[in-house]
Amino acid sequence: MKSTVVDYEVIPVAGRDSMLLNLSGAHAPYFTRTVLIVHDSEGRRGVSEVPGGEAIRRGIVRAADRIVGSQVAARRSLVRAIVDGFSADDRAGRGQQTFDQRTGVHVATAWEAALLDLEGQCVGLPVSALLGEGRFRDRVEALGYLFFIGDHTGSGLEYPCESAEPGSWEDLRRQPVLDADGVVALAKAAQARYGFRSFKLKGGVLAPDAEAEVIESISNAVPDARLTLDPNGSWLLEQALPIGRRLKNVVDYLEDPVGAEGRFSGREVMAEFRRATGVPTATNMIATDWRELSHAVRSDSTDIVLADPHFWTLEGSVRVGQLCRDFGMRWGSHSNNHFDISLAMFSHVAAAVPGDPTPVDTHWIWQDGQYLTKEPLKIRDGYVQVPRAPGLGIELDDDALREAHELYLEHVDTAMRDDSVAMRALVPDWTFRPNLPSLLPR
């Protein structure tokens, strides 16, 4: 394989979003992503999608000197050079917010995924066959990701309003939802649209007891569904213990129910919660790199590692899956807002993970209809069918990509994501606090 990288394009894009609530505030009307297109000497294009932000865009451009002119087949050493060269950018870690605040790892992932797409096209194999020990499955299960939704009326913010059949998923995903009945309606509509067998509720918004009641309501309304709740570490241990015991036979697991308290790290507090309640735990907060993961394994603080390939790299995420299999744990994938290129990326990763992965997170149901590819992957009966075509198995829609870039230029500045901005339109003077759900009084 003599394919060589000859050129590249870095394109910031934006999409529309609902006022989804979380511990860090509220999603803005527009979310941003960064699309990388890599051209090779044979006229092929490899693509990738990573989080948005000017720092990430600049990093991708800086890394290009290490890539352009190199053989596509040298992908592993090229990505390693980026990881090593940009490690200082991520020395501060992921941060306390519910979204990743690093840049170097996203730069590496952007190049890695695009090169994998090219490599697969060169050798005639899907990306999932090039990762780890190869492809284990042809379809991967996804969960229905549910949120409380703020009422943006009078905020002055331009959230989308869709013409859709009343009560349908497309209708309800743009309406305010702050109680159990509203979330149950969302779950039923999402199940009707996508066939989900599993659901996750983003917590860290209401009081812990109130969020437990919502999960119980979903369980009663959709009795065969597997459920989880993610408060993003906002519960204090004394609050979490009775709730954990209460939900032990309701949820499959709890994601980051507790976080750091006083002199104790999040890993220590989570291990204490797990021992005291017997409830399995998942995390995308206390095991987000290899050093953190080693401590999480030694402390027995988690059962499931949600290794989003966007902040582990694709190969790194599969390596986490191999470790989970060998250590008697389970692999899963965290998600943030994304387009259909990312849907293809982590579907291939999930197909290459050994063992028994949990259903993967995806925000796609909130962005469905905003396509960057000509034939986007779909969620049917709760599963994504993973392409067998070479590379990622997707084809860019250049017109749609151009429109998403124009939306970015028109509506988005270059700052990194900050959910407190939209939240202050809902609650003036709102401030982030890691151990206080976002709608509770400050």
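Preceding this section is the structure that the text describes.
None of the values given here were measured: they were computed from a predicted structure.

Student: I would appreciate a short explanation of the overall build of the protein in the present structure.
Tutor: Summing up its helical and strand segments, the protein has 15 helices and 15 strands in all. Against the compact-globule benchmark of 22 Å for 442 residues, the protein has a radius of gyration of 21 Å, which places it among compact chains. Seen through its principal axes, the protein has C-alpha atoms that stretch 60 × 50 × 40 Å. Evaluated residue by residue, the protein yields a buried proportion of 59% over its 442 residues. The contacts in the protein between residues at least 6 apart in sequence include a share of 75% that link residues at least 24 apart. When the accessible surface of the protein is split by element, carbon and sulfur atoms take 46% of a total near 17,100 Å².

Student: Got a minute to help me understand the packing of helix 1 (residues 54-67) against helix 2 (residues 75-85) in this structure?
Tutor: Close contact between helix 1 and helix 2 brings their axes to 10 Å; oriented N to C, the two are set at 135°. If you check the angle between helix 1 and helix 2, you find them oblique. Crossing geometry of helix 1 relative to helix 2 is assigned as right-handed. Contact residues: A63, R66 and I67 in helix 1; L78, A81, I82 and G85 in helix 2. Residue composition of the contact of helix 1 with helix 2, grouped by class: five nonpolar, one polar and one charged.

Student: Honestly, the sheet that holds strand 4 (residues 30-40) in this entry has me stumped. Any pointers?
Tutor: Across a sheet, paired strands are connected by hydrogen bonds in the backbone, their directions being either parallel or antiparallel. The sheet built from three strands is open, its strands ordered 1-4-5 with antiparallel pairing. The open sheet is flanked by strand 1 (5-16) and strand 5 (45-51), the only strands paired with a single partner. The sheet shows a mean angle of 20° between the axes of neighbouring strands, direction not considered. Bridging between strand 4 and strand 5 involves seven bridges; their strand directions are antiparallel. Looking at the pairing, L36 lines up with S48 of strand 5. Contacts from helix 1 reach strand 1, strand 4 and strand 5, with the element oriented near 165° to strand 1.

Student: Can you help me understand the sheet that holds strand 12 (residues 304-306) in this one?
Tutor: Ordered by their spatial adjacency, seven strands build an open sheet running 7-8-9-10-11-12-13, and the pairing between neighbours is parallel. Both outer strands of the open sheet, strand 7 (144-146) and strand 13 (330-332), are each paired with one neighbouring strand and no more. Direction aside, the axes of adjacent strands within the sheet are offset by 25° on average. Where strand 8 (residues 198-202) and strand 9 (residues 226-230) come together, five bridges link them in parallel fashion. Across the sheet, residue K202 finds its bridge partner in strand 9, namely D230. Contacting strand 7, strand 8 and strand 9, helix 7 (residues 208-221) crosses the sheet at an angle of about 165° to strand 9.

Student: I'm lost on unusual backbone geometry in this one. Help?
Tutor: Excluding glycine, residues mostly have negative phi values, and the peptide bonds linking residues are mostly trans. Positioned with a positive phi, D300 is a non-glycine residue whose angle comes to about 55°. Within the secondary structure layout, D300 lies in the loop between helix 10 (290-298) and strand 12. With a relative accessible area of 49%, D300 lands in the partly exposed category. Positive phi values are uncommon outside glycine, yet T313 reaches one of about 75°.

Student: Quick question: what am I supposed to make of the pattern of salt bridges here?
Tutor: Opposite charge on two side chains makes pairing possible when the charged atoms of those side chains draw close. Throughout the structure, instances matching the rule amount to 28 salt bridges. Between E49 and R33 there is a salt bridge whose closest N-O contact spans 2.7 Å. Note that E49 is positioned in strand 5 and R33 in strand 4, a separation of 16 residues in sequence. Judged by relative accessible area, E49 falls into the buried class, the value being 0%.

Student: Looking at this structure, how should I read the packing of aromatic side chains?
Tutor: Any aromatic ring pair is given by two values, namely how distant the centres are and how the planes are angled relative to each other. Summed over the entire model, instances satisfying the criterion amount to 10 aromatic pairs. Through pairs of rings, three or more aromatic residues link up here, namely Y145, F147, W169, Y194, F196, F199 and W366. When the ring centre of Y383 is taken as reference, the NZ or CZ atom of R139 above it lies at 3.6 Å. Sitting over the face of the ring of W290, R319 holds its NZ or CZ atom 4.2 Å from the ring centroid.

Student: What exactly am I supposed to notice about helix 8 (residues 237-247) here?
Tutor: Residues spaced three or four apart along an α-helix point in a common direction, a consequence of the helix completing one turn every 3.6 residues. Where helix 8 is concerned, the buried positions are L237, A240, L241, I243, G244 and L247. Packed against the buried residues of helix 8 are helix 7, strand 9, strand 10 (253-255) and helix 9 (266-277).

Student: Got a minute to help me understand the nonpolar core in this structure?
Tutor: Taken as a class, soluble globular proteins show a tendency for nonpolar side chains to be buried jointly. Counting residues in each nonpolar core, the largest one holds 109 residues, and the members touching the most others are F199, I218, W331 and W366. A per-element tally of this core places helix 12 (residues 340-352) first, with nine residues. Beyond its immediate sequence surroundings of up to four residues, I218 is in contact with L146, V183, V184, A187 and L227. If you look at the next biggest cluster of nonpolar residues, it comprises 22 residues, including V10, I60, L78 and V107.

Student: I keep staring at the environment of P242 and nothing clicks. Help me out?
Tutor: By the element assignment, P242 lies in helix 8. According to the relative accessible area criterion, P242 is partly exposed, its value standing at 45%. Here the alpha-carbon distance between P242 and T277, two residues 35 residues apart in the chain, equals 8.3 Å.

Cut-offs used in this document
Residues numbered from 1 in each chain as written. Predicted model: local features only at pLDDT ≥ 70, side-chain atom pairs only at ≥ 80, totals over all residues. Heavy atoms only, no water. Helix = DSSP H or I, 4+ residues; strand = E, 2+ residues; numbered from the N terminus. Rg over C-alpha atoms; globule rule 2.2 N^0.38 Å. Buried < 20%, exposed > 50% of the residue type's maximum accessible area, 1.4 Å probe, protein only. Contact = heavy atoms within 4.5 Å. Areas by Shrake-Rupley, 256 points an atom, 1.4 Å probe, with all protein chains shown as cover. Axes fitted to C-alpha atoms, helices over the stretch in contact; angles between N-to-C directions. Parallel < 35°, antiparallel > 145°, perpendicular 65-115°, else oblique. Left-handed = near helix turned anticlockwise from the far one by under 90°. Nonpolar A, V, L, I, M, F, W, Y, C, P; charged D, E, K, R; others polar. Pairing = 2+ DSSP bridges. Salt bridge = Lys/Arg side-chain N within 4 Å of Asp/Glu carboxyl O. Phe/Tyr/Trp six-rings, centres within 6.5 Å; stacked < 30°, edge-to-face > 60°. Lys NZ or Arg CZ within 6 Å of the ring centre and 35° of its normal. Core = buried A, V, L, I, M, F, W, Y, C linked by side-chain atoms within 4.5 Å.

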